[in-house]
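# Architecture and fold: a report
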Amino acid sequence: MNISYMIYEAERPRNIAQQREADMRAGEMAAAAKRFGRSLRHPFTGKRDTGRASQRPDGATLSCAIPRPR
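Remember, it's a predicted structure, so these values are computed and weren't measured experimentally. (Residues numbered from 1 in each chain as written. Predicted model: local features only at pLDDT ≥ 70, side-chain atom pairs only at ≥ 80, totals over all residues. Heavy atoms only, no water.)

Tallied over the full model, the rule gives 2 salt bridges. The residue arginine 12 makes a salt bridge to glutamate 9 at a minimum N-O spacing of 3.4 Å. With a shortest N-O distance of 3.2 Å, glutamate 21 and arginine 25 are connected by a salt bridge. Of this pair, glutamate 21 and arginine 25 both sit in helix α2 (residues 16-45), 4 residues apart, which is roughly one turn of that helix. (Salt bridge = Lys/Arg side-chain N within 4 Å of Asp/Glu carboxyl O. Helix = DSSP H or I, 4+ residues; strand = E, 2+ residues; numbered from the N terminus.)

Below, the structure written as structure tokens:
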């Protein structure tokens, strides 16, 4: 492994397009790692990935049974 080249790559300035591409690659790698972790977890937990179907919709809020103080 060439450490000096890795340092050069980390320190050199990038233009906006190069930075956006690097961010997209990092996001794709994070998503792939998440999917891989889920695929390893399911045989042990017995749960299936249902996606967002089991989650509340974004606009939904929990009702609060405790009244607000006046």
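Now that the structure has been shown, the text picks up again.
Looking now at a nonpolar patch on the surface. A cluster of nonpolar side chains, Ile3, Met6 and Ile7, forms an exposed patch at the surface whose accessible area comes to about 280 Å². Turning to its location among the elements, isoleucine 3 is positioned in helix α1 (residues 3-11). By relative accessible area, isoleucine 3 is classed as partly exposed at 48%. (Patch = residues over 30% accessible without salt bridge, like charges linked within 9 Å, V, L, I, M, F, W, Y side chains within 5 Å. Areas by Shrake-Rupley, 256 points an atom, 1.4 Å probe, with all protein chains shown as cover. Buried < 20%, exposed > 50% of the residue type's maximum accessible area, 1.4 Å probe, protein only.)

Honestly, that's just the spatial picture; any functional story needs more than this.
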